[in-house]
Amino acid sequence: MNKEHATGLRVAIVGASLGGLSVANVLHRLGARVEVFEYFPHGFHDRGGALGAVDTDLLHQIRGNTGPTSRRPIRSHGHFYGDLWQYLMDGLPEDTVRFGIDVQEIIEPTSETPRIDSAGEQRSFDLVIGADGGKSTIRHYVTNEVPQYSGYNLWRGLVPVDGIPGPPSGTRTINGVRYETLGFPFVTGRGITMWNCGIYMMTPESEVAPPTRNRQVTSSKTDELPDWFIPVVRALFGNRNAAFWEACAAHGKVSAHGVWEFAADVVVNNRIVLLGDAAHMASPRTGAGAYTAMVDAVTLAIALQQHDTIGQALRFYNDDTVERGLLLWKRSRRAATYFAPKTSPVVSPAELAISPSERLPFPTINQEGAS
Ligand SMILES: Cc1cc2nc3c(=O)[nH]c(=O)nc-3n(C[C@H](O)[C@H](O)[C@H](O)COP(=O)(O)OP(=O)(O)OC[C@H]3O[C@@H](n4cnc5c(N)ncnc54)[C@H](O)[C@@H]3O)c2cc1C
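Residues numbered from 1 in each chain as written. Predicted model: local features only at pLDDT ≥ 70, side-chain atom pairs only at ≥ 80, totals over all residues. Heavy atoms only, no water.

Q: Any chance you could explain the site of the ligand here in plain terms?
A: Near the ligand lie 36 residues; those nearest to it are Ser17, Gly19, Glu38, Gly52 and Asp277. The contact in question runs from an oxygen atom of the ligand to an N or O atom on the side chain of Arg215, over 3.4 Å. Contacts to the ligand include Gly287, whose backbone N or O atom sits 3.2 Å from a nitrogen atom. Protein chains shield 98% of the accessible area of the ligand, which is 1,000 Å² for the free molecule. (Near = heavy atom within 4 Å. Polar contact = N/O pair within 3.5 Å; in protein donor to acceptor, adjacent residues only side chain to side chain. Areas by Shrake-Rupley, 256 points an atom, 1.4 Å probe, with all protein chains shown as cover.)

In structure tokens:
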């Protein structure tokens, strides 16, 4: 297969987040006829938090903006999700993405032309790409493996910087478990400068949400900050941190993102392909989930260009993506060795709220660098 062969390839992409739009961009430029189906009814240009780490060179390569003058300025650190999303969206012809379509089924999934039912109309494709995130509905057509809970939550706070000092950072270790907070500023698409801050907290699985539709724009318990939260933050990191998170709750948003991990053993079955979080999920601590989805997209495009047949190309993509997914998963597991070590019983953060001076864990606190 080469660029000429890819021309006219009918590709359905399920999911219009960073992974889906990345692969839509690269395949569109190869000449494929790309259609993207997205569950949410509208785009994400003004939604989401910030990603701390993004390979901007790779992003420009995906958009085909390789000359310095054609590049839209993308910040080197602290990237608003909505801004990245819009940048990728701008690289596609109008009407490439169809919003409000929940793809629940692939018809004749083992054929060379699997079909998708969109709004009552069945359509055939040469390739169906599941870029539908951690809660993927396409995944089970390819593998029986499912994401596993890591043992900890990431709480994210977003708030306009105006008049709010921070975000403070800090690390505490209690009975061998690390609790960590850190953050950075970023600019939203509307030009508002916001703080983006996170706290990694060991949490029992019963208290976290299962994988969500879109890790950046959905999260659990957004409007229900538990009573224990601010007291625990104060006990862990001090008054300045507690004041910062109170400000997030009052003037911004606090949300909990359960950390789920996954590395698929296989990412291709005939003409069905997994990409991004559908294929591999890692802790935000790795700073590489979206990055890996973008590498998947470029790898698939290169595979299609360099191989004689679509089957060979997909075998190459499978082997490369499975290997990279495993490496990512291993990095994620390393983070879990300190945020939720197997040697420590899983403690609910709510337990930490009860009278610090009287509770057992607190006298054994080892303070490593709270500020
Ligand atoms: C707090 C936080 C910080 C992070 N920071 C970073 C970072 O700094 N750097 C980094 O590289 N990564 C980071 N990540 C990880 C990154 O957000 C994810 O890896 C990335 O969003 C995955 O993109 P995706 O396109 O594969 O899946 P998702 O973003 O999950 O998108 C999947 C899309 O598919 C759609 N969909 C799902 N099911 C269906 C269906 N049945 N039909 C149609 N559409 C469907 C969803 O609505 C969604 O839009 C972070 C994650 C979190 C939570």
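Moving on from the coordinates now.
Q: Just to check I follow, could you spell out the pairing of strand S14 (residues 253–263) for this structure?
A: For a regular strand, side-chain orientation follows a simple rule: the groups alternate between the two sheet faces. S14 sits mainly inside the fold: 10 of its 11 residues count as buried. Sheet analysis places strand S10 (residues 148–160) next to S14, joined by 8 bridges and oriented antiparallel. When the bridges of S14 are listed, Arg156 appears paired with Ser255. The sheet contact formed by S14 and strand S17 (residues 280–281) spans 2 bridges and is antiparallel. Its bridge partner being in S17, Ala263 is matched across the sheet by His280. (Buried < 20%, exposed > 50% of the residue type's maximum accessible area, 1.4 Å probe, protein only. Helix = DSSP H or I, 4+ residues; strand = E, 2+ residues; numbered from the N terminus. Pairing = 2+ DSSP bridges.)

Q: Help me understand the sheet that holds strand S2 (residues 33–38), please; the structure alone is not making it clear to me.
A: One key point about sheets: their strands pair by backbone hydrogen bonds, in either a parallel or an antiparallel sense. Ordered by their spatial adjacency, 6 strands build an open sheet running S5-S2-S1-S9-S16-S15, and the pairing between neighbours is mixed. Single-partner strands in this sheet number two, and they are strand S5 (97–99) and strand S15 (268–269). For strand S9 (residues 127–130) and strand S16 (residues 272–274), the ladder comprises 3 bridges, and the chain directions are parallel. Counted as the bridge partner of Ile129 is Val273 from S16.

Q: Before we go on, may I ask you to explain the nonpolar core in this structure?
A: Across soluble globular proteins, nonpolar side chains show a tendency to be buried alongside one another. Within the largest apolar cluster, 74 residues are counted, with the highest numbers of intra-cluster contacts made by Val11, Ile13, Val23, Leu27 and Ile129. Among all residues touching Val11, those that are not within four sequence positions of it are Leu27, Ala32, Arg33, Val34, Glu35, Phe125, Leu127 and Ile129. Counting 35 residues, the second largest nonpolar core, distinct from the first, contains Val161, Met201, Ile230 and Val259. (Core = buried A, V, L, I, M, F, W, Y, C linked by side-chain atoms within 4.5 Å. Contact = heavy atoms within 4.5 Å.)

Q: For this particular structure, what's the right way to read the pairing of strand S1 (residues 10–14)?
A: In terms of residue burial, S1 counts as a mostly covered element, since 4 of its 5 residues are buried. Here S1 runs beside S2; their pairing, made up of 5 bridges, is parallel. Bridge pairing links Val11 to Val34 in S2. In this structure, S1 lies alongside S9, joined through 4 bridges in parallel fashion.

Q: Help me out: how do you make sense of the sheet that holds strand S7 (residues 115–118) in this one?
A: With antiparallel pairing, the 3 strands of this open sheet are ordered in space as S6-S7-S8. Two strands close off the open sheet at either side, each with one partner strand: strand S6 (106–107) and strand S8 (121–124). Two strands pair when backbone bridges link them, and S7 and S8 are joined in this way by 4 bridges, in the antiparallel orientation. Each residue of the ladder has a partner; that of Ser118, found in S8, is Glu121.

Q: Looking at this structure, how should I read the pattern of salt bridges?
A: Once their charged atoms are close, side chains differing in charge can pair, the charge on each being opposite to the other. Counted by the stated rule, this structure contains 15 salt bridges. Between Arg178 and Glu180 there is a salt bridge, with the nearest N and O atoms lying 3.1 Å from each other. Linked by salt bridges that have partners in common, Glu35, Arg98, Glu121 and Arg123 make up one network. (Salt bridge = Lys/Arg side-chain N within 4 Å of Asp/Glu carboxyl O.)

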